Each structure stands twice: as C-alpha cells, then as structure tokens.
Amino acid sequence: MKVIFDTKSLYYLPQYLPVCQELEKRNIATVFVFYESIHDSIIKNIADGNSLTSIWVKDEKEAIEYYEAEKADWVFFANTFPYLERLHTFSKSAQLGHGIGPKASYYSKSSHSMSVRFVEGNYRKQRLESRYPNDEFIDVGFCKMDPILNGELSRAALLEKYQLDESKPTILYAPTFYPSSIERFPKKWPAEFEKYNVIIKPHYFSISKKLYKKQLARLNRWSEFDNVYLAKTEDYSLLPFMEVADVLVSDASSALFEFALLNKPVIWCDFLKLRWNYRGIFSYKFKRRMDQDYGDYAKIAVHAKQYRDLKDLIEAQLSHPEELEKIRLELSEKLAGKLDGRSSQRIVNYLQDNA
C-alpha cells in the first residue's frame, strides 16, 4: 500500500505526522507533496529532520499530474482539492482537517466529497452526515493530540530548547490571523508580564502572507523582550508549546480548544480587530464565519473583554486552574471525540481495511 499527503500548507503537518508514523510502523510507503512557497528551504529542513520522503510541485495542476502517475492507494488532503473527480479514477481520497475551532468552514469543507473524511467525535460526525448524507465520515478522534497523549514530548527538554525560566509560569499566546487580537495588544505588553515566560505562536499566515505584514511587524517587536519566545516558521507545531505552557491566551482559534483538551486554563480574547466590512451593519459576515455552536464553545474559557482585563484573569486562572475544569471535560468529547492516543491507529486501520 502507498499513501500520499497533499501538504499545501506547512501547518497541516502536525495532523499528518502521527498518521505517517503509524503507517511507517506497518511498513507502508508514504510521500509528502509540498507546494513551492517563500519558505521552501525551511520546509525542506523540516522534511529532512522528520525523514519524510517528499516531492515538490508548483500548484494543484502539477499535483494531480503527479498523483495520476503514482496511483497511490490513498491521497490525504486537509482542505478541498479541485481535481477530485480525476483523482478518484485511480486513487481514493481522505480528508483530515487541521483544526477543531469554531469556524463554520469546518463543515463547508465537505461540499466536494472525498472518499472518506476522518472526524473528531460522534457529534461532529452526525452534523456532517446530516448535511452530506451520501458521504463517508469516520469518527477517529483528534489524531493531532496523539503525541502529547502518548507522552512523546519532554517538558524539561522543551523548557531548555526554548530557553524558558523553569521557575516562572508560562503563558502561551496563540492568536489566529483573522479575526485576530494581535492588533489590540499594546506595543510593549510583554513588559507587563515580566514574571512570566511568554511564548507567542502566531498562525502561519501571520508570518507568511503579505496581507498580514503589519501583524508580523508587531510580533517581531514583541520578540525583543527578554521573557518572550516568538515561534519561528520552523516551529510549525503547537504541540510542544502546549506541553510546556500553564495557560493559553487566544482568540477565535482552534488553539483554544486543543489546549483545553489538556484540561489547562484558557483565556479567550474578545477584543478583536475586525475589518470595516465585518463591523456595524456588516457584522453578519463575522457571525456567518463562525459555527452555530460558537456560543457553547465559548463557555470553555474565561473571556477578556478588553486587553486591560488580561493580567488579572491570567493570575486568577493560574491560582485556580480547576475553575472551569468540569466544562472543559464535558466539552472535550463534543470537540474532539476519543482522547486515548490511538486516533492514528484507527485511521490506518481504516486505510488498510478499505484500500
């Protein structure tokens, strides 16, 4: 059997790699298809560091030509792909989303049917089945979390790697690119948190797309503070930072929910920078962008209505991390399904049974 991972964006890797590792344990061949971009040299180093067999394409047209030549049993995608009908004449497709956040796009990504979509939990499976009754959805859990759940990450080694002071609590600030809270944070905010290690893990788009160059300028300024570690492009995975962090600060990002699955406190920033065409009479656009369960999901965190609320909330949550524990545990099944570290095994079992 042969499996290909269509890796249009670097941030798909944390979801793909646990599955790849399980395939390798069973001596199943894998290939990663990367798309040429501004970070080619970094991605090549990551591929080499993970011993990935890889090829490079310019675009999706070149990708489908490669897939047609290879005729693998399975091709994985993290998003839609324009040549599915052509692909399905020689290979099966599998969709594996890269996040469990509150955006409505999670459910719209099935409008072009894959052979199968692996989903996180029975709740999401039932919702998708009600919208796309002719498609195949398999509840496997959230395989991205397998490395943490299986104890594959060393907290002590990570503290040393990122040069964090082990005597200080660690804040992880992981904003998304849009709608984001980055523009609402003061220019010198890390100085107010000198008693903490501060890890800033922005979305890949914030550091790679010209549209968000102002965000990158702010991030680079914050990185100059001694207590700050700004994640680099090669720090493509959030997992190591979740392992070492004591509290997460974020906005409408899947990072909120991934961190909450570890039963650690989360602070949700409600002070977002919205474009003019998302405000006022156009606010319906923001609501349409968010999932119908946005309100329920919001209960998993304490909310900072303004930046000035943040410091007190962080101190309170670190003093009483158990405050929202019951809600975090109750929502974990709805958000991610089974959290037993075996999601990747279930995926590979399905691939083998249906090759």
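Residue numbers here run from 1 along each chain, matching the order of that chain's written sequence. In keeping with the model being predicted, local features are shown solely for residues with a pLDDT of at least 70 and side-chain atom pairs are shown and tallied solely at 80 or more, while totals for entire chains, interfaces and linings include all residues. Neither water nor hydrogens contribute to the side-chain values; these are computed over all heavy atoms in the structure.

### Quick notes on the environment of Leu 211
Inference 1: Each helix is a run of DSSP H or I of at least 4 residues and each strand a run of E of at least 2, with the numbering of both proceeding from the N terminus. Tracing the sequence through the fold places Leu 211 in the loop between helix H9 (204-208) and helix H10 (213-222).
Inference 2: Among the residues examined, Leu 211 registers a relative accessible area of 65% and is labelled exposed.
Inference 3: The spatial distance from the C-alpha of Leu 211 to the C-alpha of Phe 177 is 10.0 Å, given a sequence separation of 34 residues. Throughout this description, buried means an accessible area under 20% of the type-specific maximum (1.4 Å probe, protein chains only), exposed means over 50%, and partly exposed covers the range between.

### Quick word on the packing of helix H1 (residues 13-25) against helix H17 (residues 343-353)
Inference 1: Inter-axis angles, ranging from 0 to 180 degrees, are taken between N-to-C directions of lines fitted to C-alpha atoms, where helices are fitted over the stretch in contact. Put simply, H1 and H17 touch, their axes get as near as 9 Å, and they point 60 degrees apart. In terms of orientation, H1 and H17 fall into the oblique class. Regarding H1 and H17, the two cross each other, and that crossing is right-handed. Along the contact surface, H1 presents Pro 18, Val 19, Glu 22 and Leu 23, while H17 presents Ser 344, Gln 345, Ile 347, Val 348 and Leu 351. With respect to orientation, any angle under 35 degrees is reported as roughly parallel, any angle over 145 as roughly antiparallel, any angle of 65 to 115 as roughly perpendicular, and every other angle as oblique. What makes a crossing left-handed is the near helix being turned counterclockwise from the far one by less than a right angle; a clockwise turn instead makes it right-handed. In what follows, a contact means two residues having at least one pair of non-hydrogen atoms within 4.5 Å.

### Concerning the packing of aromatic side chains
Two measures describe an aromatic ring pair: the distance that separates the ring centres and the angle between the ring planes.
Inference 1: Two rings from Phe, Tyr or Trp (for Trp, the six-membered ring) form a pair when their centres sit within 6.5 Å of each other. Planes less than 30 degrees apart are called stacked, planes more than 60 degrees apart edge-to-face, and all others tilted. According to the stated counting rule, one finds 35 aromatic pairs in the structure shown.
Inference 2: Both rings, one in Phe 185 and one in Phe 271, keep their centres 5.6 Å apart while their planes meet at 40 degrees; by these two values the pair is tilted. Residue Phe 185 is found in the loop between strand E8 (170-173) and strand E9 (197-200), and its partner Phe 271 is found in the loop between strand E12 (266-269) and helix H13 (284-289); the two are separated by 86 residues along the sequence. The pair Phe 185 / Phe 271 is uniform in exposure class, with both members buried.
Inference 3: The criterion is that NZ of a Lys, or CZ of an Arg, lies within 6 Å of the ring centre and within 35 degrees of the ring normal, and then a charge sits over that ring. Above the face of the Trp 56 ring, Lys 44 is positioned so that its terminal group lies 5.3 Å from the ring centre.

### A word on the pattern of salt bridges
Inference 1: Salt bridges are defined by distance alone: a side-chain nitrogen of Lys or Arg within 4 Å of a carboxyl oxygen of Asp or Glu. The final tally for this structure, using the stated rule, is twelve salt bridges.
Inference 2: Lys 25 is the salt-bridge partner of Glu 22, the closest N and O atoms lying 3.8 Å from each other. Highlighted residues: Glu 22 and Lys 25, both in helix H1, separated by three residues, approximately one helical turn.
Inference 3: As a salt-bridge pair, Glu 258 and Lys 144 come within 3.1 Å of each other at their nearest N and O atoms. Here Lys 144 lies in the loop between strand E7 (137-139) and helix H7 (146-149) and Glu 258 lies in helix H12 (residues 254-260), a separation of 114 residues in the sequence.

### Some thoughts on the sheet that holds E7
Inference 1: Strand pairing is defined by DSSP finding a minimum of two bridges between the two strands. In space, the seven strands of this open sheet follow the order E3-E2-E1-E4-E5-E6-E7, with parallel pairing throughout. Two strands in the sheet have a free side with no partner beyond their single neighbour: strand E3 (54-57) and E7. Averaged over all neighbouring strand pairs, the angle between strand axes comes to 25 degrees, with direction disregarded.
Inference 2: Sheet topology places strand E1 (residues 2-7) next to strand E4 (residues 74-77); three bridges connect them, and they run parallel. When the sheet's bridge partners are listed, Val 3 is paired in E4 with Trp 74.

### Comments concerning the nonpolar core
Inference 1: Grouping buried Ala, Val, Leu, Ile, Met, Phe, Trp, Tyr and Cys residues that are joined through side-chain atoms within 4.5 Å yields what is termed a nonpolar core. Among the nonpolar cores identified, the biggest contains 37 residues, and Phe 5, Leu 13, Val 19, Phe 32, Phe 76, Phe 118 and Ile 347 are the most heavily contacted of them.
Inference 2: Ignoring any residue separated from it by four or fewer positions in sequence, one finds Phe 5 in contact with Tyr 16, Val 19, Cys 20, Leu 23, Thr 30, Val 31, Phe 32, Val 33 and Phe 76.
Inference 3: Core analysis: the second largest hydrophobic core is formed by 35 residues, Tyr 162, Ala 231, Trp 268 and Ala 298 among them.

### Regarding the pairing of E8
Inference 1: Here E8 shows no split at all, with Thr 170 and Leu 172 on one side and Ile 171 and Tyr 173 on the other all buried.
Inference 2: Here E8 pairs with E9 via four bridges, running parallel. Within the sheet, the bridge partner assigned to Thr 170 lies in E9 and is Asn 197.
Inference 3: Pairing analysis gives three bridges linking E8 to strand E11 (residues 247-250), with the strands arranged parallel. Across the sheet, the residue bridging to Leu 172 is Leu 248, located in E11.

### Some words on a positive patch on the surface
Inference 1: Residues qualify for a patch when their relative accessible area is over 30% and they have no salt bridge, like charges being joined within 9 Å and the nonpolar side chains of Val, Leu, Ile, Met, Phe, Trp and Tyr within 5 Å. For the area figures, the Shrake-Rupley method with a 1.4 Å probe applies, and any residue is considered shielded solely by the protein chains shown. Charged residues are defined narrowly, with Lys and Arg counted positive, Asp and Glu counted negative, and His plus the chain ends left uncounted. Charged side chains are reduced to one point each, which is NZ for Lys, CZ for Arg, CG for Asp and CD for Glu. Taken together, the side chains of Arg 184, Lys 210, Lys 213, Lys 214 and Lys 273 make up a positively charged region of the molecular surface.
Inference 2: Here Lys 214 shows up in helix H10.

### Quick look at H1
Inference 1: Here the expected span of a helix is defined as 1.5 Å times the quantity of residues minus one. A rise of 1.5 Å per residue sets the reference length of H1, with its 13 residues, at 18 Å; its end C-alpha atoms lie 18 Å apart and thus fit the reference within 8%.
Inference 2: Of all 13 residues in H1, ten are buried; the element is thus mostly enclosed.
Inference 3: Just beyond H1, the residue with positive phi is Asn 27, at close to 60 degrees.

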